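# Structural overview for review
The chain contents come next:
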Number of protein chains: 2
Amino acid sequence: MGEEVKSLVVEEEMGVVESKEWYLVSYAPHGVPTTDHLKLRKVRLSIAPESIPDAHVAIEMLLFSVDPYLRGRFTGTLDGLYFPQFELNQVITIFGIGRVKRSNDSKYEEGDIVLSASFPVAEYCVMPSSEIDAKIDAASGISLPDYLSTLAWLGIEVVADPKPGSNVFISAASGGVGMIAGQLAKIRGCRVIGSTGSDEKVRLIKEEFGYDDGFNYKKEEDLDAVLSKFFPNGIDVYLDNVGGKMLESVLNHVNKFARIPLCGMISQYNQVWTEREGVRNLLNLVGKEVRMEGFLLKTHFNRFGDFAKEIEGHIKEGRLKPKTKINFGIESFLDSLNSLFSSSNIGKVVIQVNKA
Amino acid sequence: MGEEVKSLVVEEEMGVVESKEWYLVSYAPHGVPTTDHLKLRKVRLSIAPESIPDAHVAIEMLLFSVDPYLRGRFTGTLDGLYFPQFELNQVITIFGIGRVKRSNDSKYEEGDIVLSASFPVAEYCVMPSSEIDAKIDAASGISLPDYLSTLAWLGIEVVADPKPGSNVFISAASGGVGMIAGQLAKIRGCRVIGSTGSDEKVRLIKEEFGYDDGFNYKKEEDLDAVLSKFFPNGIDVYLDNVGGKMLESVLNHVNKFARIPLCGMISQYNQVWTEREGVRNLLNLVGKEVRMEGFLLKTHFNRFGDFAKEIEGHIKEGRLKPKTKINFGIESFLDSLNSLFSSSNIGKVVIQVNKA
């Protein structure tokens, strides 16, 4: 044991780190993924200055954002359209925050805290600096996981852009996106209703996240009736995190010019698409002149500065209260991902890979 | 006989006209509507100057635009969301062109040619001048029916806004909207493929409307395969006129940031929505960041001047060749409407109510 520790220390001094990483063994078209599909392996990686090519950086991973869309990236070809599929035997990638350990790009220096939508799910990596999407001001006074809520901000502030008084509905309301989106819509002066998967979560979104009201969709047999009850004046914005039957029901309650930012569709990931329940009333989009729009982080990173400034202000001044479930160690990745599909989480699921 | 004619002439001199109009007797949730649902009646209408209230006009109808969406306005409450339903025992309304016979609004004078998305389906009417959406320059040199193609123009120029070289797909390509939309996309420098319901129409869209290519969807068992064949580089714009299975198939071929203007969904009108085939792959909208958007004429009439100027230029300079099927007399309304659902038409279906 002593020998091994000693040799590792020596290696790190020489610029070699040990790094565990998750790679894809086989696609999983159905159900939740297991270690038959994703496996952890250990590699040794040189991060010595001479090992970093031009315009590359060595990164020590700090935090990963665990989001449902990841599931869609290894369903195999049938779902190839949804997201580019991860390649077999390759390390999968993720949205996260890391610290620059070495830099061969004058824009970055050791110690910089950076964000990327395409970090490898690894403890360390050497990657092109062009893959870095933003730099974070580590002295801003808000905690690093809060910078992983960009998608929720984009959904409300950029894609939906609701007016004060708008009727906003958010599904998966206590989840990583919903929790922040609901609060941002409230800050904008909207009336915000959420759906979630337990009575406890309904209580939570009202008491902790400031939703005007909410319901437990698992206890509602008639979604149409419950939407009629909560939206007597119709729905102006629906931030969709679930898809399927909920989306279909919402389309029977949309107001003129409603906007539907599509963040993800958690009800849809674990089946091949031909087995999914179809949405039968898209015609309502025509009559109500509704805009339904998918959006991804990577496209909108030019807005990261606006997001950071706004979110820092809201958090410091107590208007926004994020809730984060932190799992520790890269080993927790598979369980963290699968926990999203069991309704067991509240707030955003984050993995702390290395200490910030 | 002689007596009756004489009295009518006298009445018209006095300012009374006879006007036939279509009114709704009962809703038709299924199938094509019949005279059980829509009936023609004859009324006498005073258009004498003293009969026109302030800010009202008397209109002699010239042309009606016969469009599939009309069908959605009398399916009854189950479809109430798609469009406001026509009221029972009321005259139904339509997009058309009329001539001002009397005006009690200084903005309009006798002889003005005007356009409204909400004319009654009648030979004459007295209506608030606020219901007029635009005035047409009768001396423009293009024919009046060509001003009824506003929806096609909106779909391509305003909602889709494709770049030169974009891959554009248009369903119901030889119909009233498709015929113009395809030509406008070609004028913009796009590659345009159309689907339509007969080999003859496929020939027509290529030879007369300048589509790059097209297919007869009735002869294709595998829409996915045919879209793969015609769009090896994916679809950037899909102007949807049909909905249902075609829309679903398109969603398996969309490119990043594709736009899907929803004009209408002709495959969807004659069933109640719960009986329709659902679209199962909306998740593709997320991964490809697609925008799908319904739009209606009424909302965009502020752009009518741009439309008119552009369409007049295209037609006069021979770039755009509209094809119009003109049916004569208000009596033809029900048959004209139903003809849209039998794939029997080529080009835009228009009713000439009175002579221009």
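As the structure is a prediction and not an experimental result, all values here were calculated from the model.

## Some words on the interface of chain A and chain B
Taken together, the contact between chain A and chain B spans 42 residues of the former and 42 residues of the latter. Area buried by chain A at its contact with chain B is led by A:L81, A:R280 and A:L283, which between them contribute 22% of it. Linking chain A with chain B are 2 salt bridges, by the criterion used here. Note that B:E293 and A:R291 form a salt bridge whose closest N and O atoms lie 3.2 Å from each other. At the surface where chain A touches chain B, the tally comes to 12 residue pairs in polar contact (both at pLDDT 80 or more). Listed by contribution, the elements that provide at least two residues to the side of chain A that touches chain B are α6 (244-251), β12 (254-262), α7 (283-287) and β13 (291-294) of chain A. Among the elements that line the side of chain A that touches chain B, the one with the most residues is α7(A), at 5 residues. A breakdown of the residues in the side of chain A that touches chain B according to their chemical character gives 21 nonpolar, 12 polar and 9 charged.

## Focus on unusual backbone geometry
Although it is not a glycine, A:F257 sits at a positive phi angle of roughly 65°. Its place among the elements puts A:F257 in strand β12. When its relative accessible area of 44% is taken as the criterion, A:F257 is described as partly exposed. If you check the backbone angles, B:D161 has positive phi at about 50° while not being a glycine. Tracing the sequence through the fold places B:D161 in the loop between α2 (150-160) and β8 (167-170).

## Structural notes on the sheet that holds strand β9 (residues 191-196) of chain B
An order of β10(A)-β9(A)-β8(A)-β11(A)-β12(A)-β13(A)-β13(B)-β12(B)-β11(B)-β8(B)-β9(B)-β10(B) is seen for the 12 strands of this open sheet, with the pairing classed as mixed. A single partner strand is all that each edge strand has here, and the edge strands are β10 (213-216) of chain A together with β10 (213-216) of chain B. On average, each strand axis in the sheet is inclined to that of its neighbour by 15°, with strand direction left out of account. Taken together, the 4 bridges between β9(B) and β10(B) define a ladder with parallel strand orientation. Counted as the bridge partner of B:T196 is B:N216 from β10(B). Relative to the sheet, α2(B) contacts β11 (235-239), β12 (254-262) and β13 (291-294) of chain B, its axis offset from that of β12(B) by approximately 135°.

## Side note on the environment of B:L154
Residue and element names in this part refer to chain B. Tracing the sequence through the fold places L154 in helix α2. Between the alpha carbons of L154 and P261 there is a distance of 9.1 Å; along the sequence they are 107 residues apart. Apart from residues no more than four positions distant in its own chain, L154 is found in contact with V159, F295, L296, L297 and H300.

## Description of the pattern of salt bridges
Residue and element names in this part refer to chain A. Tallied over the full model, the rule gives 44 salt bridges over all chains. Across the pair K20 and E331 runs a salt bridge, and its minimum N-O distance is 3.2 Å. Of the two residues, K20 is situated in strand β1 (residues 16-24) and E331 in the loop between β14 (324-328) and α9 (333-339); the sequence distance between them amounts to 311 residues. On the basis of relative accessibility, which here comes to 41%, the residue E331 falls in the partly exposed class. As a salt-bridge pair, E21 and R41 come within 2.8 Å of each other at their nearest N and O atoms.

## Some details on the domain arrangement of chain A
Residues and elements named next belong to chain A. Looking at chain A, the domain boundaries give domain 1 (8-136 + 322-352) and domain 2 (150-298). Placing a centre on the C-alpha atoms of domain 1 and another on those of domain 2 gives a separation of 29 Å. The partner domain 2 presents 24 residues to the 29 residues of domain 1 that form the contact. When domain 1 packs against domain 2, the two sides together hide about 2000 Å² of surface, and 59% of this comes from carbon and sulfur. Where domain 1 touches domain 2, the interface holds 2 salt bridges. As a salt-bridge pair, K323 and E208 come within 3.4 Å of each other at their nearest N and O atoms. In this assembly, domain 1 and domain 2 are joined by 5 residue pairs in polar contact (both at pLDDT 80 or more). When residues in the side of domain 1 that touches domain 2 are grouped by element, the largest group, 3 residues, is from strand β5 (residues 113-120). The residue makeup of the side of domain 1 that touches domain 2, split by class, is 13 nonpolar, 10 polar and 6 charged.

## Points about the nonpolar core
Within soluble globular proteins, side chains that are nonpolar tend to cluster in buried spots. A:L282 and B:L282 are the most contacted members of the largest nonpolar core, which totals 221 residues. With near-sequence residues (within four places) excluded, B:L282 lies in contact with A:L247, A:M265, A:V279, A:L282, A:M292, B:L251 and B:M292.

## Some details on the relation of the copies chain A and chain B
Least-squares fitting of chain A to chain B yields an RMSD of 0.0 Å, with the superposition described by an axial translation of 0.0 Å and a rotation of 180°. Expressed as an axis order, the relation between the two copies is that of a two-fold axis. Closest approach to the rotation axis within chain A is made by the C-alpha atom of A:G278, at a distance of 1.9 Å. Most of the interface of chain A is mirrored in chain B: 100% of its interface residues are interface residues there too.

## Points about the environment of B:N216
Residue and element names in this part refer to chain B. If you trace the backbone, N216 turns up in strand β10. In the structure, N216 is positioned 78 residues away from A138 in sequence and 38 Å away in space, judged by C-alpha atoms. Excluding its chain neighbours within four sequence positions, the residues that come into contact with N216 are T196, G197, S198, D199 and V202. A polar atom in the side chain of N216 sits 3.0 Å from the backbone nitrogen of K218.

## Some details on the side chain of B:T196
Residue and element names in this part refer to chain B. Note that T196 resides in strand β9. Polar contacts involving the side chain of T196 include one to the side chain of S174, which spans 3.1 Å. Not counting chain neighbours up to four residues away, the residues in contact with T196 comprise A173, S174, K201, V202, I205, F215, N216 and Y217.

Criteria and cut-off values
- Residues numbered from 1 in each chain as written.
- Chains lettered and ligands numbered in written order.
- Predicted model: local features only at pLDDT ≥ 70, side-chain atom pairs only at ≥ 80, totals over all residues.
- Heavy atoms only, no water.
- Contact = heavy atoms within 4.5 Å.
- Buried area = accessible area lost by both parts, 1.4 Å probe.
- Salt bridge = Lys/Arg side-chain N within 4 Å of Asp/Glu carboxyl O.
- Polar contact = N/O pair within 3.5 Å; in protein donor to acceptor, adjacent residues only side chain to side chain.
- Helix = DSSP H or I, 4+ residues; strand = E, 2+ residues; numbered from the N terminus.
- Nonpolar A, V, L, I, M, F, W, Y, C, P; charged D, E, K, R; others polar.
- Buried < 20%, exposed > 50% of the residue type's maximum accessible area, 1.4 Å probe, protein only.
- Pairing = 2+ DSSP bridges.
- Axes fitted to C-alpha atoms, helices over the stretch in contact; angles between N-to-C directions.
- Domains from an automatic or database assignment.
- Core = buried A, V, L, I, M, F, W, Y, C linked by side-chain atoms within 4.5 Å.
- Least-squares fit on C-alpha atoms with pLDDT ≥ 70 in both.

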